[in-house]
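Take a look at the letters that make up each chain.
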Amino acid sequence: MSEKREEDQDEGDWEYAKRGIALWLNNQPDEAEQHLHKRTDNLQTMIAYTFISCMNAVISFEMEKIERAQQVLQSVEQRCGGAQNGWFHSVKSIFFGSSSDAPKSLAMRLETQIILADTQLCSAILTFLTQDLSGYMKGIWLLKKAWNEYQQTHTELVSLYGRLKARKTTENAVARRPKYGIVQSVSEYLLGNALSARFFERPAPKMPRSKSTGHNLSNTNPISAQNPSKNSCMRTSQSTDFAPSSPLPDIDVATVERLMGAVNFGYGLFQLSISLLPPNILRMISFLGFEGNRNTGRSCLEYSRSTDDIRAPLATLALLWYLTIGTQIFASTELNCRDASRDAAAILTQTEEQYGTSSLHLFFRGRVARMRSEIDTALEYFQRAYRVAAQSEMRLLCLHEVGWCHLIRLEYDNAMEAFHCLGHATQFSKSFFIYLVAICQGSSGKFEDLLILRNELQHHLQAASAKETEIQRFLVGRHSRMPEDVNANGEEDAAFWRYLIYEMLLLWNTLEICTPAVLDDIVNDCAKPQLTIKEPIPGLAKLILGTCHELCGRFPEAIQAYRECIEIRQEITTDFLHIPAFAHVRLALLLMANGGSQERDEARSLLRSAQQFKGYDFECRLSKPKHSS
């Protein structure tokens, strides 16, 4: 025990904090908190504890944990001097001078700036979870503040790296030009699309260059030189004069490289956060000069996870989330399901030795298996993750995946059992789980409790927060379609509820995971004559039918089904606009891929028509293919 205590004392702060995160990832959350609480006097352990609090909040979606994480973030921001960035502090400094603490070392100041940006980014992500307009606006403002911090800090780190590496004269530096031509500015470095953010192929200019960053080694900002009154941070970040006579900064190369990994983690999350926002919010923030690039986000996170910084394992988690969850939810056309599962599996193989028994590792293994339609294997991984999980939030997340696996196989009773347990165990979106239980129960032919579930759903929707979310709008629309007097009319009524199951599979982009046998069962339900079926939303059966035919490679049948769906919806122009919107876009994509010039002209016309549909359910999940076509 005494040897362990001496090891803790000799360990650097960032290494100590990284070990705390590793404990949390390896199913030891209590030990991780105790470990980090031993060093509450430094920022590295504080931000490690903050990351853990934020992950607990994101996993659970419980407002109590989200609010707790926000409080921790505010505390760390105050510790970093975030309050000193306001206008009041600036005016006070002009008249009364600065009342800051003793000067920090260069490494500590840079670390503090990165941690401040991290707190603002994490606050923005938690704010986006509220899914209301005011929350989005606050989150956008926080993203803007985080971007300013990341940009300034990264520019300074690039300059420092070049100064530490530039040991010889300008002529010798030109003669020993590096093998790779590196990006010439911070924005190019961060906005590159290669998976490694360290090297990019481009012609090298005739001037000294940093071997790792590609920044010019001459002073490219004469304004800074002429204005020595600028604060030291901005002067360092903009001046890149690496003359031999310039004194070397009091920081080592290894620390600069680690901090560059820290910056790339934050900026990678920044890019992914923006790219996954709803289209109406993206249009709004375009005026601020923001544009989310998912490839850039991946590049930065790949770079970060290759470093020794405490954020390296978190960068791995962020990549796994994007590859196994984000690409499916948002139907990214930049990375199809097969490629995403392959990349995620490669990352999991790399981390097997360190985190192979972690519940999160097993969870993502299950997600990869699910993406590959290996549902039996996925269920096994989720059940193992459930058993080893030390946190209730993680167990609920695994139970949610178990329910969806059964839903994908149309095993309504098993799915209903999982969703019923979730509805009782979590405070998050009880109305959503009540709806899932109701449609599973109706699909299995058990009608006796459907009226009770309908009334319970109505009660929870009315008692919900005044902040209307996308899920709430979806549930309100489906509640209006649930019959008020449910009679047991056998197969006809069961099919009514199955159509709602199929709609869930479509909107959550999980139809493509279904096996051919399951897709054939769905086709049999949806191919019945239109006059004989009882569907909750006009055109829904034809939309599902077309999607299933398309997934099975029966393109002529899919085109015909989409055309019939559009025809059914011609007289209905107000409610449930996702039906005609999806039909227009999917038909257009099929015609473009499988038709001649006449079909391509029709496809362009269909896409123009699809642009007219606004504000429908889960518009963000269709916007990517619509705009990429």
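Residues numbered from 1 in each chain as written. Predicted model: local features only at pLDDT ≥ 70, side-chain atom pairs only at ≥ 80, totals over all residues. Heavy atoms only, no water.

**Focus on the overall build of the chain**
1) Next: Counting secondary structure elements, the chain contains 32 helices and zero strands.
2) Next: Here the contacts in the chain between residues at least 6 apart in sequence split such that 69% fall between residues at least 24 apart.
3) Next: Carbon and sulfur atoms make up 51% of the accessible area of the chain, which totals about 28600 Å². (Helix = DSSP H or I, 4+ residues; strand = E, 2+ residues; numbered from the N terminus. Contact = heavy atoms within 4.5 Å. Areas by Shrake-Rupley, 256 points an atom, 1.4 Å probe, with all protein chains shown as cover.)

**Focus on the pattern of salt bridges**
1) Next: Using the criterion set out here, one finds 25 salt bridges in the structure.
2) Next: Among the salt bridges present, the one from Glu503 reaches Arg478, with a minimum N-O distance of 2.8 Å. You can see Glu503 sitting in helix α26 (residues 491-507) and its partner Arg478 sitting in helix α25 (residues 470-481), a full 25 residues away along the chain. This pair shows no difference in class: Glu503 is buried, exactly as Arg478 is.
3) Next: Here Arg563 ties to Glu602 by a salt bridge, and the two come within 2.6 Å at their closest N and O atoms. Within this pair, whereas Arg563 is found in helix α29 (residues 555-568), its partner Glu602 is found in helix α31 (residues 597-610), the two being separated by 39 residues in sequence.
4) Next: We classify Arg563 as partly exposed; its relative accessible area is 33%.
5) Next: One salt-bridge network, in which partners are shared between bridges, spans Glu111, Asp118, Arg258, Asp309 and Arg311. (Salt bridge = Lys/Arg side-chain N within 4 Å of Asp/Glu carboxyl O. Buried < 20%, exposed > 50% of the residue type's maximum accessible area, 1.4 Å probe, protein only.)

**A few points about the confidence of the model for the chain**
1) Next: Looking at the chain as a whole, its pLDDT mean stands at 77, while 74% of the residues score no less than 70.
2) Next: Here residues 167-245 is a poorly scored stretch, pLDDT under 50, and it has 138 contacts once near neighbours within four places are set aside; other chains count.
3) Next: Note that residues 624-629 has pLDDT below 50 and, in this model, 18 contacts with residues that lie over four places away or in other chains. (pLDDT = per-residue confidence, 0-100.)

**Structural notes on the packing of aromatic side chains**
1) Next: All told, the structure shown has 14 aromatic pairs when counted by the stated rule.
2) Next: An angle of 50° between the planes, with centres 5.7 Å apart, marks the rings of Phe363 and Phe382 as tilted. With Phe363 in helix α19 (residues 359-371) and Phe382 in helix α20 (residues 375-388), this residue pair connects regions lying 19 residues apart in the sequence.
3) Next: The class of Phe382 is buried, set by a relative accessible area of 0%.
4) Next: A cation sits over an aromatic face here: Arg39 above Tyr16, 4.1 Å from the ring centre.
5) Next: Above the face of the Phe496 ring, Lys534 is positioned so that its terminal group lies 5.7 Å from the ring centre. (Phe/Tyr/Trp six-rings, centres within 6.5 Å; stacked < 30°, edge-to-face > 60°. Lys NZ or Arg CZ within 6 Å of the ring centre and 35° of its normal.)

**Points about the environment of Val388**
1) Next: Structurally, Val388 can be placed in helix α20.
2) Next: Judged by relative accessible area, Val388 falls into the partly exposed class, the value being 35%.
3) Next: Considering only alpha carbons, one finds Val388 and Asn27, 361 residues apart in sequence, at a separation of 7.3 Å.
4) Next: Ignoring sequence-local partners within four residues, the contact set of Val388 consists of Asn27, Thr357, Ser359 and Leu362.

**Digging into the environment of Ile439**
1) Next: Its place among the elements puts Ile439 in helix α23 (residues 430-443).
2) Next: Given a relative accessible area of 0%, Ile439 falls into the buried group.

**With respect to helix α4 (residues 43-60)**
1) Next: For α4, with 18 residues, the first-to-last C-alpha span of 26 Å sits near the 26 Å given by 1.5 Å per residue.
2) Next: Extensive coverage of α4 is indicated by the burial of 17 of its 18 residues.
3) Next: One or two steps after α4, the chain reaches Phe61, where phi turns positive at roughly 60°. (Expected span 1.5 Å × (residues − 1).)

**A look at the side chain of Thr45**
1) Next: Looking at the element boundaries, Thr45 is found in helix α4.
2) Next: Taking the relative accessible area as the measure of exposure, Thr45 reaches 2% and is therefore buried.

**Digging into the side chain of Arg478**
1) Next: Given a relative accessible area of 0%, Arg478 falls into the buried group.
2) Next: Every residue in contact with Arg478, bar those within four places of it in the chain, is listed here: Tyr435, Leu500, Glu503, Leu507, Ile537, Phe576, His578 and Asp617.

**Let's talk about the packing of helix α16 (residues 312-329) against α19**
1) Next: Orientation of α16 relative to α19, taken along the N-to-C sense of each, is 30°, at an axis distance of 10 Å. With respect to α19, the axis of α16 lies roughly parallel. Between α16 and α19 lies a crossing of left-handed hand. Only Leu360, Phe363, Phe364, Arg367, Val368, Arg370 and Met371 of α19 make contact with α16, whose side of the interface consists of Leu317, Leu320, Trp321, Leu323, Thr324, Ile325, Thr327 and Gln328.
2) Next: Its residues assigned to classes, the contact of α16 with α19 shows ten nonpolar, three polar and two charged. (Axes fitted to C-alpha atoms, helices over the stretch in contact; angles between N-to-C directions. Parallel < 35°, antiparallel > 145°, perpendicular 65-115°, else oblique. Left-handed = near helix turned anticlockwise from the far one by under 90°. Nonpolar A, V, L, I, M, F, W, Y, C, P; charged D, E, K, R; others polar.)

**So, unusual backbone geometry**
1) Next: The backbone of Asn27 shows a phi angle near 65°, a positive value even though the residue is not glycine.
2) Next: Mapped onto the fold, Asn27 is located in the loop between α2 (13-25) and α3 (29-37).
3) Next: When its relative accessible area of 17% is taken as the criterion, Asn27 is described as buried.
4) Next: At Leu410, a residue that is not glycine, the phi angle is positive and equals roughly 60°.
5) Next: Here Leu410 lies in the loop between α21 (392-408) and α22 (412-425).

**Observations regarding the packing of α2 against α16**
1) Next: Packing of α2 against α16 brings their axes to within 9 Å, and their N-to-C directions diverge by 40°. Judged on the interaxial angle alone, α16 and α2 are oblique. On the side of α2, the interface is formed by Lys18, Ile21 and Leu25, while α16 contributes Pro313, Leu314 and Leu317.
2) Next: In terms of residue class, the contact of α2 with α16 is made up of five nonpolar, no polar and one charged.

**Things to note about the nonpolar core**
1) Next: The biggest cluster of nonpolar side chains holds 175 residues, and the ones touching the most others in it are Phe419, Leu505 and Ile522.
2) Next: The leading source of residues in this core is α26, at twelve residues.
3) Next: Apart from residues lying up to four places away in sequence, Phe419 is in contact with His400, Gly403, Trp404, Leu407, Phe433, Leu436, Val437 and Cys440. (Core = buried A, V, L, I, M, F, W, Y, C linked by side-chain atoms within 4.5 Å.)

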